[in-house]
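Residues per chain are reported as follows:
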Amino acid sequence: PHLAALVLARGGSKGIPLKNIKLLAGVPLIGWVLRAAIDAGVFHSIWVSTDHDEIEKVAKQFGAQVHRRSPEVSQDSSTSLEAIREFLNHHHEVDIVGNIQATSPCLHPSDLIKVAHLIQKEGFDSVFSVVRRHQFRWSEVKKGENKMTEPQNLNPAKRYRRQDWPGELYENGSFYFAKRHLIEKGYLQGGKMAYYEMRAEHSVDIDIDIDWPIAEQRVLSFGYFGKEPLKEVKLLVCSIDGCLTSGRIYVTEDHKEMVSYDYRDIVGMDLLKKRGIQVRLISDRDCSKTLSAMQLGCVAKVNATNKLQVLKDWQEDMGLSWKEVAYLGNEESDVECLKQAGMSGVPADACAAAQKAAGYICKSRGGCGAVREFAEHIFLLLEKVNSARKQ
């Protein structure tokens, strides 16, 4: 049977405008779940249902197909079930829908593989995700009511210790898998049902803006970064024009060139060096005088007509794997380097082709702190590498 992954991502959001493609730890929010769905390898097709052009663009960048939903199922009052039923009406080849929530960025392929097995091999009609909580519940007392609250799942005279109580299972909204016949009857949960318990650290749901910085830390600690295990970065190669500088060149009356840079970026480069990470610079124009004036103390290659070849030469000379190389670029001439490097980033104002090829999109613009921000991102991922080693 045809199993399709479906991510619902309309453009309207009361809490966070265009939340589904807002950058979370350098990746559009929807990109985290699409990456997990693609790498799971269990779906015959992967779709994003949206009514917005920008969301469609990002979905296609991450390898998903796009279903343009109608205005009727794109309202604030529209339900997920209505949007899924509309999708099925246009895609008769689909037998099972795995509705994955875009707001669950810590989803891992291993979870999806196990759920696909439950619904394809073990005959369940619907499977949904839950998480175990250790929370005591009390009855609500509405304002003006003259009564006391009552315990719902505990005896106050004999409170459980956490280690003595298994807790309770709650839906976490990460995904809902269901067969076509069930959805057509108006259900996402029904028939022969099963739940799938996710690990608590993978159960992240973003609903309001205050969740965002917390979610970024959770994703960096517990998110899925791809099939290949992360390795410690040993080399950062940074494009000069548009990354270290803003890309603007000022020309004086006596024909001298002037550029500006952000001191925070120099500090970021120094911090990388102190961690044992080499920093090298590259440019496709001759900016040797500018580099000499900046006194950065970095190996640099200017007039680089083939940046990828320069990067390969450096990688081979240092005896590094590609997973140990990071690259920060911003132009079309950087695209192949961004694709090759194990860790890649671009400033916020990089060209569209570079943004599509990068794994991390900075919030800062080129020449305005992007290098420092990318350095901080490298440090966070190094912490993740060290944590994995300890485990």
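Residues numbered from 1 in each chain as written. Predicted model: local features only at pLDDT ≥ 70, side-chain atom pairs only at ≥ 80, totals over all residues. Heavy atoms only, no water.

Per an unreviewed UniProt entry, the protein chain goes by the name N-acylneuraminate cytidylyltransferase and belongs to Atrichornis clamosus. Annotation of the protein chain in UniProt includes, under Pathway (unreviewed entry), the sentence "Amino-sugar metabolism; N-acetylneuraminate metabolism." On record in UniProt, under Sequence similarities (unreviewed entry), the comment for the protein chain is "Belongs to the CMP-NeuNAc synthase family." (UniProt positions renumbered as here; feature names shortened; annotations may be inferred.)

### Points about the state of the cysteines
Disulfide: a covalent bond formed between the sulfur atoms of two cysteine residues. The full count for this structure, using the stated rule, is zero disulfides. Just so you know, Cys 351 is unpaired, no disulfide at all, and the nearest cysteine sulfur is the one on Cys 243, 10 Å from it. (Disulfide = S-S within 2.5 Å.)

### Notes on the domain arrangement of the protein chain
Considered domain by domain, the protein chain is made up of domain 1 (3-222) and domain 2 (235-389). Once you take the C-alpha centre of each, domain 1 and domain 2 turn out to be 37 Å apart. At the interface, ten residues of domain 1 touch ten residues of domain 2. Here domain 1 meets domain 2 over a buried area of about 830 Å², counting both sides, of which 59% is carbon and sulfur. The largest per-residue losses of area from domain 1 upon contact with domain 2 belong to Leu 23, Gln 61 and Leu 220, which jointly make up 54% of the total buried on that side. (Domains from an automatic or database assignment. Contact = heavy atoms within 4.5 Å. Buried area = accessible area lost by both parts, 1.4 Å probe.)

### So, the sheet that holds strand β17 (residues 360-361)
Within the open sheet, the six strands sit side by side as β14-β13-β10-β15-β16-β17. Their pairing is parallel. Looking along the sheet, the strands with just one partner apiece sit at the ends: β14 (299-301) and β17. Relative to strand β16 (residues 343-346), strand β15 (residues 325-328) runs parallel, the two being bridged by three bridges. Bridging from a neighbouring strand, Leu 328 pairs with Gly 345 of β16. (Pairing = 2+ DSSP bridges. Helix = DSSP H or I, 4+ residues; strand = E, 2+ residues; numbered from the N terminus.)

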